[in-house]
Amino acid sequence: MILWTRWETLFFLIYAFVVVALYGYFELTFLKVPWTPVALIGTAVAFIIGFQNSAAYGRIWEARKIWGGIVNSSRTWGMKVKDMVTNEHAKEPLTDKELYEQRRILVYRHIAWINALRHAMRQPKTWEVFNQFRTNREWSSVIHTPEKENSLDEDLDPYLILEEKTYALSKNNKAAAILYLQSTHLRALKEKGMIWEFSFLELENLLEEFFTLQGKSERIKNFPYPRQYASLSFYFVWIFLLLLPFGLVPEFAKFGESMMTNLGAKFNYFIWLAIPFCGIVSWVFHTMMRIGTVGENPFEGSANDVPISTISRGIEIDLRQLLDENEDKIPEQFPEIHDVQM
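S.K.: Which residues make up the overall build of the chain, and what values go with them?
M.R.: On a plain count of helices and strands, the chain comes out with 12 helices and zero strands. Going from N to C terminus, the chain has its helices and strands arranged as α-α-α-α-α-α-α-α-α-α-α-α. A globule of 342 residues ought to have a C-alpha radius of gyration of about 20 Å, yet the chain, at 29 Å, is considerably larger. Across its three principal directions, the C-alpha atoms of the chain cover 100 × 35 × 35 Å. Within the chain, the fraction of its 342 residues that count as buried is 48%.

Structure, rendered in structure tokens:
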């Protein structure tokens, strides 16, 4: 956390040093603001930051529940596809190999949907502020977010045939297009008797659930934290941080003078203790604001975001193991970098 905000913290310390030097060394004692209004502003700012962080946490937690639902429903999809695509009511029974292939196509297409959805969630929006901070850009260069390393075309290639991939990539909402392909395939299997009527409805209900979960995820991605609250929070915090030294330095100066009167001249430099104190207070307020700011958009790829890449790869591994594929053909989980999942 200290490294994450080191540049702003350095600015706060230098800024406080300048104010102390002007007030104490150059005796520009008019550079002061009554402490009471500064304290009142600080109290108001604390409430604003608390509201912002509460709202940001709510967005993160909702996103995590949505993707948790995707995990559960995906496992259910794999289970039902494996047990409901059978020859029990088939007009022309398929071989075991052909049955397996139909199940594999349905499962692989679902993995393609997961990949398309995570890529959509990683697309930058104009209101997202992650890359506006230098330390965030440094973090991005270290963690190598999978969606920035590989294109959607590359991630879809193992799971869709060329015609289906071309169809999906031609649509604005690529994840929804893949679900349309799933429904069309299920209907074809039902008409051949490979899926019983009840089983068809069960699988279609799961597709409806996937549409619902995708829509909820898109709602968080496409609707930002209200700008009026985000902007006011930013401005109010910086007004308080810029006023803080002008309110604290005179207080430390008066306290130092009082100590000099009672204990001697060694407290003549007590005013310089305002520098670390201003730095600490400024760091706390600014860091809490930044935590709330990066938490507003839980899919940008920061250390505190929902790890949708890891979740998606976990689903992929589970489903391919369900198909009894060889372990050497199943991709490994994305590595944790600095104990952070992507």
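And the narrative resumes.
S.K.: Please set out a nonpolar patch on the surface residue by residue, giving values where relevant.
M.R.: Together, Trp7, Leu10, Ile14, Phe17 and Val18 make up an exposed nonpolar region whose accessible area comes to about 450 Å². Tracing the sequence through the fold places Phe17 in helix 1 (residues 6–25).

S.K.: Summarise the pattern of salt bridges; cite the residues concerned and give the values.
M.R.: Per the counting criterion, the structure on display carries 15 salt bridges. One salt bridge in this structure joins Glu164 and Arg109, with 2.7 Å as the shortest N-O distance. With Glu164 in helix 7 (residues 162–169) and Arg109 in helix 3 (residues 96–122), this residue pair connects regions lying 55 residues apart in the sequence. Pair check on accessibility: Glu164 and Arg109 agree, each one buried. Measuring nitrogen to oxygen at the nearest pair gives 3.3 Å for the salt bridge that ties Arg313 to Glu316. Taken together, the residues Arg313 and Glu316, both in helix 12 (residues 308–322) and three residues apart, mark about one turn of the helix.

S.K.: Describe unusual backbone geometry, with residues and values.
M.R.: Despite not being glycine, Asp324 has its phi angle at roughly 60°, a positive value. Position of Asp324 among the secondary structure elements: in the segment after helix 12. Taking the relative accessible area as the measure of exposure, Asp324 reaches 60% and is therefore exposed.

S.K.: Provide a residue-level description of the nonpolar core, including the pertinent values.
M.R.: Within the largest apolar cluster, 48 residues are counted, with the highest numbers of intra-cluster contacts made by Trp67, Ile70, Trp77, Trp113, Ile178, Leu186 and Phe299. Elements that contribute at least two residues to this core include exactly helix 2 (35–84), helix 3, helix 6 (152–156), helix 8 (174–191), helix 9 (197–222) and helix 12. Sorting elements by how many residues they give to this core places helix 3 first, with 11 residues. Discounting residues that sit within four places of it in the chain, Leu186 has contacts with Trp77, Leu106, Ile195, Phe200, Leu203, Glu204 and Leu207. Ranked by size, the runner-up nonpolar core spans 26 residues in total, among them Val249, Phe252, Phe270 and Ala274.

How each quantity is defined
Residues numbered from 1 in each chain as written. Predicted model: local features only at pLDDT ≥ 70, side-chain atom pairs only at ≥ 80, totals over all residues. Heavy atoms only, no water. Helix = DSSP H or I, 4+ residues; strand = E, 2+ residues; numbered from the N terminus. Rg over C-alpha atoms; globule rule 2.2 N^0.38 Å. Buried < 20%, exposed > 50% of the residue type's maximum accessible area, 1.4 Å probe, protein only. Patch = residues over 30% accessible without salt bridge, like charges linked within 9 Å, V, L, I, M, F, W, Y side chains within 5 Å. Areas by Shrake-Rupley, 256 points an atom, 1.4 Å probe, with all protein chains shown as cover. Salt bridge = Lys/Arg side-chain N within 4 Å of Asp/Glu carboxyl O. Core = buried A, V, L, I, M, F, W, Y, C linked by side-chain atoms within 4.5 Å. Contact = heavy atoms within 4.5 Å.

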